[in-house]
Amino acid sequence: LCRLVSPTYMRAIGSATASCTAVGSYFKIRSCCFQSSVVVRPPSRASHSHSHRRRLSTTVMSASQSQSLASSSAEAYDRLSQLRPSFQQTMLRIKNPTASLKFYTEVMGMTHVDTYDFNDMGFSLYFLQSFDEGAKPALEPGSVDAHKHLWSTQGTVLELTHNHEDSGEVYHAGNEEGDGFGHIAFNCDDVYASCKRLEEQGVTFKKKPDEGRMKGLAFAYDPDGYWVEIVPRSDKSEIKQEFNLSQTMMRIKDPARSLPFYRDGMGMTLVRESHYPEANFSNYFLATLPPGTPPPTHDPQDRDASKGYVGALHGPVLELTHNHGTENDPDFKHKNGNEQGKRGFGHIGFLVDDVDEACAAIEAAGGELAKRPEGGKMQGLAFALDPDGYMVEIVKRGGYGDAFQPYK
């Protein structure tokens, strides 16, 4: 029973989440738009031109264990990183906007910053963001100012996708055999006190902070059953808001392929890595650091320093969980959240300066595109597939035109 409520056990054994028919933000989410059967195959490792990222990229993999990227692929990732990719969104499908918006705004303290209604295609998108006290912008969801903020933000939003027609589908929260997506998370100052308030508001839990082997953190359920981890901030944090969106967790097959994609290509910084050989898994935490933020000086494997650094961040990190041995199984593949009957988590997204150039660089590095910028009704945005086949939306920073739309 202890193992069943241990986050270590959940991460290492609960092999993942989500679903298959490839869908994304701006084409009909509930229909089978295309099949995401292609898997990105970027070469395994890059020597990046930014010295701090290269220095912070030490992992359990030695140079003899992973091949260097070919020169052309390393150059392609460098080209991609020069387009200033920033982690901008995580998308989840929801059944009831009223219940979900209430949970994330009134309970978790997020701000509803923007809305898109695509009535002709039968779905709506709701975007929520965590702000610290005094930093919340005055925005009317659906307005031009809201669009401008959404596609220019230096932070990361939670995108909730609602399909208008009730097909009876129950969205898959993940964490079953073969699933890739695991959870989102929120940081707070006092996990025990905050979880008590959550319980008083009717929130139910997978794991309470005093349960299991790992005390002091919890897993709550949102209205659709997605796991929401409640994590303590570090004593270095200056955040005043009770909760801030702090992570998205996805399981990966091979760090030698996933880390170069997100670190060297998508411009993220490896800020923490933790290895649990006794439980046969490792966690890698990557962050998009806001412009002007000095790179961390700690070793990502320094437990105290890295935990303190991550625990003080306001913006979410991308947590990549690797179950040891999957990289050696040629037939192993995580579900990406868009498979029929397993749909729930949809994608993550990045803003870039130039979508066409970003897509060209991804392909030059050996990656695949699920939707090209010129494809579909909404041109100008794209979907790439990361090394595990997760959908990665690529959107132009600032949007297009005076309406600041993410498509042309």
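Residues numbered from 1 in each chain as written. Predicted model: local features only at pLDDT ≥ 70, side-chain atom pairs only at ≥ 80, totals over all residues. Heavy atoms only, no water.

S.K.: Where do I start with the sheet that holds strand S9 (residues 218-221) in this structure?
M.R.: The pairing of strands in a sheet happens through backbone hydrogen bonds and is either parallel or antiparallel. Spatial ordering of the open sheet is given by S8-S9-S10-S7-S11-S14-S13-S12, a layout of 8 strands whose pairing is mixed. One side of each edge strand has no neighbouring strand; the edge strands of this open sheet are strand S8 (205-207) and strand S12 (269-276). Between one strand and the next, the sheet's axes are offset by a mean angle of 25°, whatever the strand orientation. Strands in contact with helix H6 (residues 191-200) are strand S7 (181-188), S8, S9 and strand S10 (227-232); relative to S10, the strand with the most contacts, it is inclined by about 145°. (Pairing = 2+ DSSP bridges. Helix = DSSP H or I, 4+ residues; strand = E, 2+ residues; numbered from the N terminus. Axes fitted to C-alpha atoms, helices over the stretch in contact; angles between N-to-C directions. Contact = heavy atoms within 4.5 Å.)

S.K.: Explanation requested: the environment of Ala361 in the structure shown.
M.R.: Locating Ala361 in the fold gives a position in helix H9 (residues 355-364). The sequence separation of Ala361 and Ser73 amounts to 288 residues, and the corresponding C-alpha distance is 8.6 Å. Those residues within four positions of Ala361 in sequence are excluded, and the remaining contacts are Ala76, Arg79 and Leu80.

S.K.: Quick question: what am I supposed to make of unusual backbone geometry here?
M.R.: A negative phi holds for most residues other than glycine; trans holds for most peptide bonds. Backbone geometry at Arg84 places phi at a positive 55°, although glycine is not the residue there. Inspection of the secondary structure assignment puts Arg84 in the loop between helix H3 (71-81) and strand S3 (86-94). The phi angle at Asn280 is positive, at roughly 60°, despite the residue not being glycine. Mapped onto the fold, Asn280 is located in the loop between S12 and strand S13 (281-287). The partly exposed category is assigned to Asn280, whose relative accessible area is 46%. (Buried < 20%, exposed > 50% of the residue type's maximum accessible area, 1.4 Å probe, protein only.)

S.K.: Any chance you could explain the pattern of salt bridges here in plain terms?
M.R.: Here the idea is simple: oppositely charged side chains can pair when their charged atoms come close. Considering all chains together, one arrives at 10 salt bridges under this definition. Note that Lys342 and Glu176 form a salt bridge whose closest N and O atoms lie 3.1 Å from each other. Of this pair, Lys342 sits in the loop between strand S14 (317-323) and strand S15 (345-352) while Glu176 sits in the loop between strand S6 (157-163) and S7, placing them 166 residues apart in sequence. Judged by its relative accessible area of 18%, Lys342 falls in the buried class. In this structure Glu176 comes out as partly exposed when scored by relative accessible area, which is 42%. Note that Asp189 is salt-bridged to Arg233, the shortest N-O span being 3.1 Å. Placement of the pair is Asp189 in the loop between S7 and H6 and Arg233 in the loop between S10 and strand S11 (244-252), with a sequence separation of 44 residues. Residue Arg233 is classed as buried on the basis of its relative accessible area of 9%. Taken together, the shared-partner salt bridges in this structure form one network comprising Arg84, Asp353 and Arg397. (Salt bridge = Lys/Arg side-chain N within 4 Å of Asp/Glu carboxyl O.)

S.K.: Whenever I open this one, the pairing of S14 confuses me. Can you help?
M.R.: Looking down a regular strand, the side chains alternate between one sheet face and the other. In terms of burial, S14 is largely enclosed, as 7 of its 7 residues are buried. Both faces of S14 are covered, namely the face carrying Val317, Glu319, Thr321 and Asn323 and the face carrying Leu318, Leu320 and His322. Bridge analysis of S11 against S14 gives 6 bridges, and the strand direction is parallel. Bridging from a neighbouring strand, Gln247 pairs with Val317 of S14. Where S13 and S14 come together, 6 bridges link them in antiparallel fashion. Residue pairing in the sheet places Asn283 in a bridge with Thr321 of S14.

Take it as geometry only, folks, not as evidence of what the structure does.
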